[in-house]
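Residue-level listing of the chains:
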Amino acid sequence: MVVSADCRISLSAPSCLRGSSRFTRHNKLRSFCNGELMGKKLNLAQLRSSSTTNFSQKRIQMSLTSVAGESKVRDIESEKRDPRTVASIILGGGAGTRLFPLTKRRAKPAVPIGGAYRLIDVPMSNCINSGINKVYILTQYNSASLNRHLARAYNSNGVFGDGFVEALAATQTPGETGKKWFQGTADAVRQFHWLFEDARSKEIEDVLILSGDHLYRMDYMDFVQDHRQSGADISISCIPIDDRRASDFGLMKIDEKGRVISFSEKPKGDDLKAMAVDTTVLGLSKEEAEKKPYIASMGVYVFKKEILLNLLRWRFPTANDFGSEIIPFSAKEFYVNAYLFNDYWEDIGTIRSFFDANLALAEHPPAFSFYDAAKPIYTSRRNLPPSKIDGSKLVDSIISHGSFLTNCLIAHSIVGIRSRVGSNVQLKDTVMLGADFYETEAEVAALLAEGKVPIGIGENTKIKECIIDKNARVGKNVVIANSEGVQEADRSSDGFYIRSGITVILKNSVIADGVVI
């Protein structure tokens, strides 16, 4: 039994109350939250009519409990923040061609960042800090290192309690359609729809769809609570942006109540101006709204579970992507809500964005920081010693644990775990991803005696505007500066690429003594 805001009573499950706050005895409240319709086709006509009735009006939900003949009102706002009713799906991404060659042997979420972390640690940590302990990771490309990291970092430390974290690789199943690999983000979720029909998913009401290659810190339960209070079928987390960056994103247009009514993919000129909205509707101040009149999707979504399953299986069974197909199509028929995230967020989708986001961590103050005791970013436990720094000068840089720096200059750079930097080396605007293992002093001496190059950077080497992947061996007297300003080059046979003007030294590659790039 449920009481609406004007004290009229309707018989229905309170957790599924939606639509207008004014009900008559003829109104019918539908419940799709207890799983009894999983796998069945919904009546979309009835569903749409109910979902468009005063959808933006927020109200207090209460249940009546009879105790000793008296009715007591109990506020159930806390139920809207119950993380046990939420599951998250982290998308492992495609082949990662824009982030190549860092994705040559690893999935995008497994790419190291910030010296000691991997990109997957960001959404995983956000889930942990939000109390969400039911997590699926969908992978398809180069997933070995990602699976290894997930097993080491999250499957053995008990942080998920009675929940779980499961990596689900693309697989083939019987039938013609089962022979296909993931065709896109939506298709990946569709192929594992049965996960939400088993006993473990009985209490799940909403599903978070997350990306594995973004950098941000977010309380997902704030997002879920807003989604539930609005009565939306789908909610999209979005960021406000200015004119300078707007044409680089897929933009959304909302009405005065925050409902998404249209989309435009990277518009320019008059099409861009047409996508301007009043972002004060989402909570920005008037001054901020004037500076940032556009909103862009972050690629972070909340779906009602039954809505998600029926969109994928019945309404749009051939749609393969959330951002370009499912979401825009659904906005015409369902209530899609915009949720403002007015904080740091970066899509680490290209070599340039990866490079800039890493170096931004060394700024004062940084736009994003891993140093937050209340909401830490977790990663695998390595048990490495502190770094040893001998006679070196460090300026605006981050040095990860287990590193050895000797009489060198490090300026505005990130030095990853287990890095070795030799005497008289100069690093400027450089991102070192570190190493997976140590070479002993005896091994290093033996390699040098044979004229070979040990892991790390040899003495008298000067490097700027460079990404050095793991286990790379850079010799003595090397210069890496791209002085000719080359923007794109494939020199994989020599151990490096140039992407967007940034030199990328390949994983496990060798740059011989005296080489100039």
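Residues numbered from 1 in each chain as written. Predicted model: local features only at pLDDT ≥ 70, side-chain atom pairs only at ≥ 80, totals over all residues. Heavy atoms only, no water.

J.: Could you give an account of the overall build of the protein, with specific residues and numbers?
T.: Counting its secondary structure elements, the protein contains 12 helices and 33 strands. Residue burial in the protein is summarised as follows: out of 517 residues, 53% are buried. Contacts in the protein between residues at least 24 apart in sequence constitute 62% of all its contacts with a sequence separation of at least 6. As presented, the protein carries roughly 23,300 Å² of accessible surface, and 49% of it is formed by carbon and sulfur atoms. (Helix = DSSP H or I, 4+ residues; strand = E, 2+ residues; numbered from the N terminus. Buried < 20%, exposed > 50% of the residue type's maximum accessible area, 1.4 Å probe, protein only. Contact = heavy atoms within 4.5 Å. Areas by Shrake-Rupley, 256 points an atom, 1.4 Å probe, with all protein chains shown as cover.)

J.: Could you give an account of the packing of helix α9 (residues 305-315) against helix α10 (residues 322-331), with specific residues and numbers?
T.: For the pair α9 and α10, the least separation of the axes is 12 Å and the interaxial angle reads 110°. As summarised for this structure, α9 and α10 are arranged roughly perpendicular, according to the angle between their axes. For the pair α9 and α10, contact is made by L308, L311 and L312 and by F322, I326 and S330, respectively. By residue class, the composition of the contact of α9 with α10 is five nonpolar, one polar and no charged. (Axes fitted to C-alpha atoms, helices over the stretch in contact; angles between N-to-C directions. Parallel < 35°, antiparallel > 145°, perpendicular 65-115°, else oblique. Nonpolar A, V, L, I, M, F, W, Y, C, P; charged D, E, K, R; others polar.)

J.: Which residues make up empty space enclosed by the protein, and what values go with them?
T.: Applying the stated criterion across every chain yields a total of six cavities of 30 Å³ or more. The computed volume of the largest cavity comes to approximately 60 Å³. Around the largest cavity, the lining comprises 14 residues; the ones closest to its centre are M432, G434, G456, I468 and A472. A breakdown of the residues in the lining of the largest cavity according to their chemical character gives seven nonpolar, four polar and three charged. (1 Å grid on protein atoms, 1.4 Å probe; cavity = no way out; pocket = protein on both sides within 12 Å on 5 of 7 lines; lining within 4 Å. Points joined across faces, edges and corners; volume = space filled by probe spheres on them.)

J.: An account of the packing of aromatic side chains is requested, with residue identities and associated values reported.
T.: Going through the model one piece at a time under the given rule, you end up with 15 aromatic pairs. Relative to F370, the ring of Y117 lies with its centre 4.2 Å away and its plane at 5°, an arrangement referred to as stacked. With Y117 in strand β7 (residues 117-118) and F370 in the loop between α11 (351-360) and β18 (388-390), this pair connects stretches of sequence that are 253 residues apart. Both residues of the pair, Y117 and F370, belong to the buried class. Linked through ring pairs, Y117, Y344, F368 and F370 together constitute an aromatic cluster. The ring centre of F404 lies 4.8 Å from the NZ or CZ of R420, which sits over that ring. (Phe/Tyr/Trp six-rings, centres within 6.5 Å; stacked < 30°, edge-to-face > 60°. Lys NZ or Arg CZ within 6 Å of the ring centre and 35° of its normal.)

J.: Let's hear about the pairing of strand β16 (residues 336-340): which residues, and what values?
T.: For β16, the buried fraction is high: five of the five residues fall into the buried class. The two faces of β16 match: V336, A338 and L340 on one face and N337 and Y339 on the other face are all buried. Note that strand β12 (residues 234-241) and β16 share five bridges and pair parallel. Counterpart to C238 in the pairing with β16 is L340. (Pairing = 2+ DSSP bridges.)

J.: Please set out helix α3 (residues 144-154) residue by residue, giving values where relevant.
T.: When α3 is considered as a whole, its buried residues turn out to be S145, L146, H149, L150, A153 and Y154. Along the axis of α3, the buried positions cluster into a sector of 135°, meaning they face one direction only. The outward face of α3, more than 90 degrees from its buried face, is lined by the exposed residues A144 and R152. Elements that come into contact with the buried residues of α3 comprise β7, α2 (121-130), β8 (134-139) and β9 (164-169). (Arc of directions from axis to C-beta.)

J.: How would you sum up the environment of T279? Please name residues and give values.
T.: Relative to the assigned elements, T279 resides in the loop between α7 (270-273) and α8 (286-291). Distance in space between the C-alpha atoms of T279 and P293 is 6.1 Å, their sequence separation being 14 residues. Once you skip the residues sitting within four places of it in the chain, T279 turns out to touch L284, A289, K292, P293, Y294 and I295. At a separation of 3.2 Å, a polar atom in the side chain of T279 contacts the main-chain carbonyl oxygen of K292. (Polar contact = N/O pair within 3.5 Å; in protein donor to acceptor, adjacent residues only side chain to side chain.)

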